[in-house]
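# Coordinates in review
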Amino acid sequence: WSFYQKMPGIHFYEKPYTKPVKNVRVSVIVPAYNEEDTLEATLDSIRKQTLSKIEIIVVDDGSTDRTSEILKKYAAHDVRFNIIRQKNAYVGAARNRGMKEAHGEYIGFVDADDVISPDYYKNLYQTAKEHDADIVAAENVTYVLENQGNLHKPYEKRTFYMQNGEITDLADYKRHIYPYLWDKLYRRSFLIDNHILCSTRRSSAEDNYFTTQVMMYGDKMYVARGATYYYTRGHNSLTVLDYEKLSNQLEYVFADLDDVVDDDTGFDEDKKQLWHDVIKQNRFQAFNFYYHMLKDEDKPAGLKKLQKLAPDWQPKPWSKHNEQ
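All values reported here derive from a predicted model rather than from experimental measurement.

What follows covers the overall build of the protein chain. Helices and strands together make up the secondary structure of the protein chain, namely twelve helices and eleven strands. Pairs at least 24 apart in sequence give 80% of the contacts found in the protein chain among residues at least 6 apart. Accessible surface, the protein chain as shown: approximately 15,500 Å² in total, 48% of it carbon and sulfur.

Under the counting rule described, the total for this entry stands at 14 aromatic pairs. Where Y120 meets Y121, the ring centres are 4.9 Å apart and the plane angle is 80°; that geometry is what we call edge-to-face. In terms of burial, Y120 and Y121 fall into one category: buried. Among the aromatic residues, those joined into a cluster by ring pairs are Y120, Y121, Y180, W182, Y229 and Y231. For the cation-ring pair, K299 lies above Y291, with the distance from its terminal atom to the ring centre recorded as 5.6 Å.

The predicted model of the protein chain averages 85 in pLDDT, with 80% of residues at 70 or higher. For the stretch residues 235–241, pLDDT sits under 50, and the model shows 24 contacts to residues farther than four places along the chain or on other chains. In the model, residues 320–324 has pLDDT below 50 throughout and makes 19 contacts with residues more than four positions away in sequence or in other chains.

This part takes up the pairing of strand β2 (residues 54–61). β2 sits mainly inside the fold: eight of its eight residues count as buried. Burial along β2 is two-sided: the residues I54, I56, V58 and D60 and E55, I57, V59 and D61 are all buried. Sheet topology note: the strand β1 (residues 26–32)/β2 ladder contains seven bridges and is parallel. Bridge assignment links P31 to a residue of β2, and that residue is V59. Crossover handedness for the path β1 to helix α2 (residues 39–47) to β2: right-handed. Relative to strand β3 (residues 81–86), β2 runs parallel, the two being bridged by six bridges. The residue bridging D60 from the neighbouring strand is R85, located in β3. With respect to chirality, the unit in which β2 leads through helix α3 (residues 67–77) into the neighbouring parallel β3 is right-handed.

Criteria and cut-off values
- Residues numbered from 1 in each chain as written.
- Predicted model: local features only at pLDDT ≥ 70, side-chain atom pairs only at ≥ 80, totals over all residues.
- Heavy atoms only, no water.
- Helix = DSSP H or I, 4+ residues; strand = E, 2+ residues; numbered from the N terminus.
- Contact = heavy atoms within 4.5 Å.
- Areas by Shrake-Rupley, 256 points an atom, 1.4 Å probe, with all protein chains shown as cover.
- Phe/Tyr/Trp six-rings, centres within 6.5 Å; stacked < 30°, edge-to-face > 60°.
- Buried < 20%, exposed > 50% of the residue type's maximum accessible area, 1.4 Å probe, protein only.
- Lys NZ or Arg CZ within 6 Å of the ring centre and 35° of its normal.
- pLDDT = per-residue confidence, 0-100.
- Pairing = 2+ DSSP bridges.
- Right-handed = clockwise from strand over helix to strand, strands pointing away.

Take a look at the structure:
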């Protein structure tokens, strides 16, 4: 992390990457909206991966700062970059556009204010190939608080019960889904075959829509030991923006997931009930997160609004140690 902080950006002594990649192993998708302060460190951590057979698809989601200028510089230096510019349509639409353009055997996501360990995609890809896996999760997620330059242990424990790298309590894992999509690698054909896309709603729970469907259709999941994703809290994160605005579509994400379950003819009634229960649990967790992020003076109105959406929901105690 300190390396990426001190030396972001392409330097005069670096040789351009001019050899086109054949048989792309991993398509790395980066949605970017006004990320001029952090983008170079993110892109450096991706382009310097020890797994070189990657393509880096950056979707510039209508940025108005120097993001586009930075992306042109990287694309000119490294042929593995595919820069797509679109009108601002929000992060879910940007990720979907990236998936549409992807050619890799597997797909991964990195947010434009985060960085990854040098062997991140090598570890994920080798684990996926070793086990012929549709889904592989990074073993470590480390939280970085912006402007402090120090590392923090994860706010929630990432305890995996594994045998030869496979999560052996997958049923329990599915009931306690980590709502992140960026700490995993996905076989592209698995996503296509199951029609899995990101939600295009502007909501603080939009990751749940993608990750819950991945868990619905994934039968096995493996963990890549040593792979570390450095997640930045702060900057342009949704979690520090206006929660009143973000809450407007909070419930619709979970209603959409309920519709996915009901519409799937391959699910029997027991499986449908299981996933409705999981979605309800995730809904309550998201509501709790949203509620505790409100200012104290806004909490009464927020509570009323959330309980109108889910009458049986009650807020639970919250602390910095169980933030997501």
